[in-house]
Amino acid sequence: MGANKTLREGYTTGSCATAATKAALTALVTGQVQTEATIRLPIGRVVTFAVESCVIHGATATAAVVKDGGDDPDATHGARIVATVSWAPEPGVHLDGGEGVGRVTKPGLPVPVGEAAINPVPRKMIHEAVNEVLAQHGVDRGVNVVISVPGGEEIAKKTLNARLGIIGGISILGTRGIVVPFSTAAYRASIVQALQVAKANGCRHVVITTGGRSEKYAMQEYPHLPEEAFIEMGDFVGFTLKQCKRLGMEMVSMVGMMGKFSKVAQGVMMVHSKSAPVDFGFLATLARQAGASKELVDAVRGANTAAQVGDMMQEAGCTKFFELLCEACCQAALHEVGGGLNVAVSIYTMNGQRLGKAVLLDGDDEVDRSGS
């Protein structure tokens, strides 16, 4: 489901960093100041970015792109994303963060401790852009790339970075390259529209997901359902469940990941990163109920991210934890709508492994944990 067409999409910090890198390296190789840069986004779209500034200074070149969040103006909307490139003595692409880009100090994030908070997809995009420019100009040299965000440390105060142990600035993020406006009435309208389309096509079983990656795993889990049965609800869990009930859906399958579904399990039905912190006390209680050792329960209580808790439980082979978490999500969902729906919940890892599943039929006190 795309966002409502009247809303303008924006671009992620990762896309801006990639475009800035491409412009700076092209300037370094050709000696010509660049005014734009064209890159391919992870979703396959080719986009041209305006380059706000481009300076060649001897063996270094710097380019800046202003982040446009579209109609989803988040904390980084309007920030300057700057790439500084220079030749490296050793081959390969050497990427780091400069001023205003955070550094990871706690585990449980997709980037190792000590590294700049540049997520895996933007890293890959930047590497590909560098290699593309080098190949295009027949250059075979190592390249240093430093991404910085002037004022990034101030911007980061409006995000959860510090709580997650990302210190000194913002993160360079994005898995798809675009920002779909999630925070508006128009997005809700587009959820309703998608559900109405599903109903009109005879769907009585819909699958609601928190994002594009969850949707991909959901489609693998429910291959028999038609495409219109899959609906991206973004952060609007409670809203979407109520619309499913209103439109007479019989079965709703929820598919997502640890972070957002840890909140749903507690009854938090608006799961934006700023809406409510993950309750690690709640997760620790579930871990205890699932038979985890006291040390493990204490580790959960002191964890940094819900994904990290998932990793801990997986490593300990504590699969009952995920069943209990899925069950809690089912019960919270039914409670939210006052019954009248059958609900299934599946929780996945970032790379598509299903951690657990539960099914709760309305009027049924028994939860089916078989994952069938």
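Procedures and definitions
- Residues numbered from 1 in each chain as written.
- Predicted model: local features only at pLDDT ≥ 70, side-chain atom pairs only at ≥ 80, totals over all residues.
- Heavy atoms only, no water.
- Helix = DSSP H or I, 4+ residues; strand = E, 2+ residues; numbered from the N terminus.
- Buried < 20%, exposed > 50% of the residue type's maximum accessible area, 1.4 Å probe, protein only.
- Contact = heavy atoms within 4.5 Å.
- Pairing = 2+ DSSP bridges.
- pLDDT = per-residue confidence, 0-100.
- Axes fitted to C-alpha atoms, helices over the stretch in contact; angles between N-to-C directions.
- Expected span 1.5 Å × (residues − 1).
- Polar contact = N/O pair within 3.5 Å; in protein donor to acceptor, adjacent residues only side chain to side chain.
- Core = buried A, V, L, I, M, F, W, Y, C linked by side-chain atoms within 4.5 Å.

Student: Explain the side chain of Thr-209 to me, please; I cannot follow it from the model alone.
Tutor: You can see Thr-209 is positioned in strand 14 (residues 205-209). Note on Thr-209: relative accessible area 0%, which makes it buried. Setting aside chain neighbours within four positions, we find Thr-209 in contact with Ser-214, Glu-215, Ala-218, Ile-231, Glu-232, Met-233, Gly-234 and Val-255.

Student: Help me understand the pairing of strand 6 (residues 80-88) in this model?
Tutor: Walk down a regular strand and you will see the side chains alternate between the two sheet faces. Within strand 6, seven of the nine residues are buried, which leaves it mostly tucked inside the rest of the structure. As paired strands, strand 5 (residues 60-66) and strand 6 are joined by seven bridges and run antiparallel to one another. Looking at the pairing, Thr-62 lines up with Thr-84 of strand 6. Bridge analysis of strand 6 against strand 10 (residues 142-148) gives seven bridges, and the strand direction is antiparallel. Bridge assignment links Ser-86 to a residue of strand 10, and that residue is Asn-144.

Student: How should the pairing of strand 17 (residues 342-348) be read in this particular structure?
Tutor: Most of strand 17 is tucked away: six of the seven residues are buried. Where strand 16 (residues 251-257) and strand 17 come together, seven bridges link them in parallel fashion. Across the sheet, Val-252 pairs through a bridge with Val-343, a residue of strand 17. Between strand 17 and strand 18 (residues 354-360), which pair antiparallel and follow one another directly, the connecting turn spans five residues, one of which, Gly-352, has a positive phi of 90°.

Student: Sorry if this is basic, but what is going on with the confidence of the model for the protein chain here?
Tutor: Caution applies to low-pLDDT regions: their predicted coordinates should not be interpreted in detail. On average, residues of the protein chain score 89 in pLDDT, and 92% of them are at 70 or above. This stretch, residues 1-5, has a pLDDT under 50; its non-local contacts, to residues over four places away or in other chains, come to 15 contacts.

Student: Would you mind showing me how to read the environment of Ser-148 here?
Tutor: Within the secondary structure, Ser-148 is located in strand 10. Under the relative-accessibility criterion, Ser-148 is labelled buried at 12%. Considered as a pair, Ser-148 and Leu-286 are 138 residues apart in the sequence and their alpha carbons are 41 Å apart. The contacts of Ser-148, once residues within four sequence positions are left out, are Arg-80, Ile-81, Val-82, Gly-98, Glu-99 and Val-101.

Student: Would you mind going over the sheet that holds strand 6 with me for this structure?
Tutor: Strand pairing in a sheet takes place through backbone hydrogen bonds and is either antiparallel or parallel in direction. Taking strand neighbours across the sheet as the criterion, the five strands line up as 4-5-6-10-7 in an open arrangement whose pairing is mixed. Strand pairing shows two members of the sheet lacking a second neighbour, strand 4 (53-57) and strand 7 (93-97), which therefore form its edges. Sheet twist, expressed as the mean angle between neighbouring strand axes with direction ignored, is 15°. In the packing of helix 1 (residues 13-30) onto the sheet, contacts are made with strand 4, strand 5, strand 6 and strand 10, and the angle to strand 6 comes to roughly 40°.

Student: Quick question: what am I supposed to make of helix 11 (residues 319-337) here?
Tutor: Side chains that are three or four residues apart share a direction in an α-helix, a result of its 3.6 residues per turn. The terminal C-alpha atoms of helix 11 lie 28 Å apart, and with 19 residues this matches the ideal 27 Å at 1.5 Å per residue to within 8%. Taken from the residues just after helix 11, Gly-338 is the one with a positive phi, measuring 70°.

Student: Please explain helix 1 as it appears in this structure.
Tutor: Taking 1.5 Å per residue as the helical rise, helix 1 with its 18 residues ought to reach 26 Å, and the 26 Å between its terminal C-alpha atoms agrees with that figure. Taking burial as the measure, the 18 residues of helix 1 include 16 buried ones, the bulk of the element. Directly after helix 1, the chain includes Gly-31, whose backbone phi takes a positive value near 75°.

Student: For this particular structure, what's the right way to read the side chain of His-205?
Tutor: By the element assignment, His-205 lies in strand 14. In this structure the side chain of His-205 is engaged in a polar contact, spanning 2.7 Å, whose partner is the side chain of Ser-253. In contact with His-205, not counting residues within four places along its chain, are Tyr-222, Leu-225, Ala-229, Met-251 and Ser-253.

Student: Explain the nonpolar core here, please?
Tutor: What tends to happen in soluble globular proteins is that the nonpolar side chains get buried as a cluster. In terms of nonpolar packing, the biggest core is built from 72 residues, with Val-206, Met-254, Met-313 and Phe-321 touching the most fellow members. Looking at this core element by element, the count peaks at 12 residues for helix 11. Discounting residues that sit within four places of it in the chain, Met-313 has contacts with Ala-287, Ala-292, Leu-296, Val-300, Cys-318, Phe-321 and Phe-322. Core analysis: the next-biggest nonpolar cluster, separate from the first, contains 44 residues, Cys-54, Val-85, Ile-126 and Val-143 among them.

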